[in-house]
Amino acid sequence: MNADRTPRWAHFWLAMVTILMVSPLAWMVLTSLKGPDQLAAAPYSWWPSPWRWQNYADAVATIPFLRYLLNSILLCLGSVAGTLLSCSVVAYGFSRLRWPGRDLLFGALIATMLLPWQVTMVPRFLVIRELGLYDSLWALVLPKFFAEAFYVFLLRQFFLTVPQEMIDAARVDGCSELGVLWRVMLPLARPALATVALLETIAAWNDYGGPLLYLNDPERFPLAYGLEQFVSAHSSQMHLLMAAAVLFTLPMVLLFVLAQRVFVRGIATTGLKG
Amino acid sequence: MHRSESRIGVAMISPWLVGFCVLTLFPFGASLYWSFCRYDLLSEPAWVGLDNYRRLAGELAEGGSFARALANTAYYALASVTLSVVLGITLASSLAWKVRGRAFYRTLCFLPTVVPTVAAAVLWLWLLDPQLGLINGFLQKLNLPAQGWFQSTSAAGWPPAWPGDHAGRVFGSKDGLVLMSLWGVGNLLVIYLAALSDIPKTLYEAAELDGAGRTRQFWHVTLPMLTPVVFFNVVMGLIQSVQAFTQIYLVSDGQGDPAGSTLTLSLHLFLTAFKDLDMGYASAMAWVLFVLVTLVTAWLFRTSRHWVHV
Amino acid sequence: MSNGRKCRVRATNQTNSIEIRTWPRSDISPESLQGRWLFSMTSIKPSAARFAAVAASVVFVALSACGATKAVGLREEVVFWHFWGGRDRPIVEEIVEHFNTSQTRYTVRAIAMPGSNLDLKFFLSVAGGDPPDLLNHDDPVVADWAHRGVLTPLDEIATADELSRLRAWLFPAALQLGSYHGKLYALCNGLDIRALYCNKTLLTEHGLDLPETIADLDHIAETIAPPGQTTSRLRMGYLPDPRRLWAWGVVFGGSFANLHAETAEQMITADSPEIVAALAWMADYGRRYGPSEVAAFRSGEQALTGAAFPLLADRRYAVVMDGQWRVRDLETARQANPSLDVFAVKPLPAPPGGRKNAGWVNGNFFVVPGRARHKQGAWEFMKYWSGFDGHEAGAAVACAAGGWIPASQHVVDQPAYQQALHRWPLLKLFVQLAASPDQVPVPPLPVGSLYYNEVVQAAQEVLYRGADPATELGRASNRVRARLSEVLDER
């Protein structure tokens, strides 16, 4: 099978599948440009007429969009920083240092990945409350500084591939373990770190359950949660809702387009979305 | 040197260890303890022994909310996992063809997975709107009956079909959720594609020499070689669909609407804990969930010997 | 805006302190892990490390500071959560604005939490230790919350004189909605009343009159949709809604709770003969048309969009039970289509021995969390909106604008509201019903939501699946009894 011999039906089939996958997105974008009267019309059409770019301005004006956006960005930055910082150190401790009980603890770390979040949900809420973090973005960010198991696992797998000689050479040069991590491992692990950062960005951007549990002042809502408020309050204004949803999705699509390689490799090695 | 290495090692993993103890181990133990208590988060927990578990058993026997949630979860997990395996393999083997523009097709098929869950839920609520939605419009163009989707209960599953629903409404809220989960099949595609490209060419050549056609090659070479990935897909898919929350919460008006047809264990647990303030009962439910997931996973691992190609 | 400035000032302070910590290397003991971490960071790329530190501290400060409580000058800020959305939202915003301009001591900050998660968020905020000062809600949860001790009883924030006047001022149903164990915990600011909307044009076409008795209602149903038809139906004369067993149970002379009973066992009375009789009457419809047929007709309805009120949708029903808010819908529809059918409203007809002008009522109410910070401000705003204590005229204007039913006859009597009744004649019946002592809310028991749902589920089983009324109600009651005795034992 090579390109020259591709039968026409193959192209047809692939195109059809692709169109099926993408059409919901296209529908979202097109709906976001229609007027309310056009939405209620039963024999609907795909194309907006006229194209109402105004919807976007309206959607942004109807909710404190910029405030939510700022919160989302802070949430992403904080989460990524916490994750990278903690996970790289922990992964190094689990991969390139020998100490008694290491494998046992690593087993425990792996096991936590299988634990449904519902089991720990309530006590976690109390812990966060006792730390005085209720109704603060810190409630969502602080746990990221304690190294999430999945990312530790990912980075550890990567660190294990680094040749021992490089580490030994750095140690001979007088590097501390943190020095080894900083000078040797992290520069080499850049692709893995990028994957982790990317996955965590998406996870933080998407997080809905966290704000639902821990935030109660709209001043602190991130977009994911603010958008839902918009849904319930304006469920009849589907065009504005779609415009808001497009604005909310766009950064992730852009990120995907810019970092597609990292993305696909990350998923391929992990098999998971954040 | 060795002793300092272990000291540094422990120091380095300490962030995780602290988090593990405070945010996982303590909650884990606490929820086990509370599952034997009556606790409303506002006053001290009171020990009630096995009451909560007895209540669960009662609900199960009588067909109460817990039984409903269990059935809904099973329906959703089974349908979405099976269909995602089938769809994943089908799509991946098509996308593996060496055709021009392959990268383009792949990118577009992957794109839906980056759509944030909240946006996806909103979008699908609209796509599946019984009156104005794109999908029902499409069905009507094909002269098929309109479906109720998120506004109705599924024909199969719980609550069971209303027999005699002449209008041909088959698909309900859970099917809408399954459809939504299938839209995000892109994650799996990438893994399946990677696995497909890892299958040695020689296997196909040998099969061809034996006179196997395309179809037989698929059944006897491709599929067996994909089984490890299928296994991974099934295990992860199971865990994810049992834990799925955001999209279900959003499409069901936060309460499992309509008529409790989207009340999955995950949602039921959340509502029991934070709406009924029945932490003890919720903890018991969480533990049952945990044990169930563990058992099913263990069972999968056991049976995997018979069907997963190593 | 003062908030933004505060953010920035603190950011620079914080940045300085972190930079200072990274400079003097000699101060860092080599044993300290954190010290080594910083050391190795600075020794490699000082500028990058410093940049990272600055950036991190900016994020840190922003995370902590942004959205911190605003200073509101000299006035106390009352944080007020409510569920109002859609067309009522602007009216609510206006009430808040009016209150704020009328005040020198308090200012209300209204936060809309639409959707179904208001009570969820409320409980989380109570459990999290940071509740709002005031909450407006409409689910049957007052007793539950009061029982758990998360509400401020009104006698702690109102004077004894105010309270005794308030009790006389409120409609009986409104008083009942806010009470638990003889104490007031909530102030009702509006009632939701239901009645039968009848399509007069359609009834006349079939030679039928408006229903006065249960037999009339059955007759309407059978005339407009004769049982035994084989094809799928598009129209029903009348079809009971399982949720409204709460209304019919009362109409049939039943009571859902005996609040004076000693034990949980005796308190729950959903399986009493009158309520079973009401459900049996409803079940007759299921039997007559076939439970699955009824279910299919209803599930087809769920596919109608919210705006398509069943009454207006292709004359789907001749008679439908619904709330007062449909009066406004009908008016709007009539403006768009002057040749619309003529509608009338009737109270629920009672069987012999049943209760007239009876039904199920719910309402919106204010509650003040136990740990609220500005209880007096909350109380002022509660009075202002509900109309109590000299605010009747203003409340009447708001109720008239929203087509709401006030919580007191004194508000109804205001000119502004009388004008609304003149404009929307159908509303009159609802207001009359509001004063009836037989309009009964979900009993004030600390299992209100559960009780409501269990009864509805039982009625669904009966209507849609042909289950036996007595068995289903017995089961539902037992489940609620079990939970109630548990909850009552808790304290």
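This text goes with the structure placed above it.
Quick caveat: nothing in here was measured; it's all calculated off a predicted structure.

K.L.:
Would you mind going over the sheet that holds strand 9 (residues 343–346) of chain C with me for this structure?
P.N.:
Note on sheets: strands pair through backbone hydrogen bonds, and any given pair is parallel or antiparallel. Residue and element names in this part refer to chain C. The antiparallel open sheet is built from three strands, whose spatial order is 8-7-9. Two strands in the sheet have a free side with no partner beyond their single neighbour: strand 8 (319–323) and strand 9. Averaged over all pairs of adjacent strands, the angle between strand axes in this sheet comes to 35 degrees, irrespective of strand direction. When strand 7 (residues 194–199) meets strand 9, the two strands line up antiparallel, connected through four bridges. Within strand 9, the residue paired with Tyr 197 across the bridge is Val 345.

K.L.:
Looking at this model, I keep getting lost on the interface of chain A and chain B. Mind explaining?
P.N.:
Counting residues at the interface gives 77 residues for chain A, matched by 71 residues for chain B. Tallying contributions element by element places helix 1 (residues 8–31) of chain A first for the side of chain A that touches chain B, with 13 residues. Among the residues making up the side of chain A that touches chain B, the classes are represented as 56 nonpolar, 15 polar and six charged.

K.L.:
What exactly am I supposed to notice about helix 4 (residues 89–102) of chain C here?
P.N.:
Helical periodicity: at 3.6 residues per turn, an α-helix aligns residues three or four positions apart in one direction. All names here are of chain C. Between its terminal C-alpha atoms helix 4 stretches 20 Å, which fits the 20 Å expected from 14 residues at 1.5 Å a residue. Within helix 4 the residues assigned to the buried category are Val 92, Ile 95, Val 96 and Phe 99. Looking down the long axis of helix 4, one finds its buried residues gathered within 95 degrees of arc, a one-sided arrangement. Pointing more than 90 degrees away from the buried face of helix 4 are the exposed residues Pro 90, Glu 97 and Thr 101. Looking at the packing, one finds that the buried side of helix 4 touches strand 1 (76–82), strand 2 (106–112), helix 16 (375–386) and helix 17 (392–402).

K.L.:
In this structure, what is going on with the sheet that holds strand 2 of chain C? I would like to understand it.
P.N.:
Residues and elements named next belong to chain C. Strand order in the open sheet formed by five strands is 2-1-3-11-6, with mixed pairing between adjacent strands. In this open sheet, the two edge strands, each paired with only one partner strand, are strand 2 and strand 6 (187–192). Going from strand to strand, the sheet's axes swing by 15 degrees on average, the running direction of each strand aside. Here strand 1 runs beside strand 2; their pairing, made up of seven bridges, is parallel. Within the sheet, the bridge partner assigned to His 82 lies in strand 2 and is Ala 112. Sheet strands in contact with helix 16 are strand 1, strand 2, strand 3 (134–137), strand 6 and strand 11 (362–367), and its direction is about 55 degrees off that of strand 1.

What counts and what doesn't
- Residues numbered from 1 in each chain as written.
- Chains lettered and ligands numbered in written order.
- Predicted model: local features only at pLDDT ≥ 70, side-chain atom pairs only at ≥ 80, totals over all residues.
- Pairing = 2+ DSSP bridges.
- Helix = DSSP H or I, 4+ residues; strand = E, 2+ residues; numbered from the N terminus.
- Axes fitted to C-alpha atoms, helices over the stretch in contact; angles between N-to-C directions.
- Contact = placed C-beta atoms within 7 Å.
- Nonpolar A, V, L, I, M, F, W, Y, C, P; charged D, E, K, R; others polar.
- Expected span 1.5 Å × (residues − 1).
- Buried ≥ 20, exposed ≤ 12 C-beta atoms within 10 Å, placed from the backbone.
- Arc of directions from axis to C-beta.

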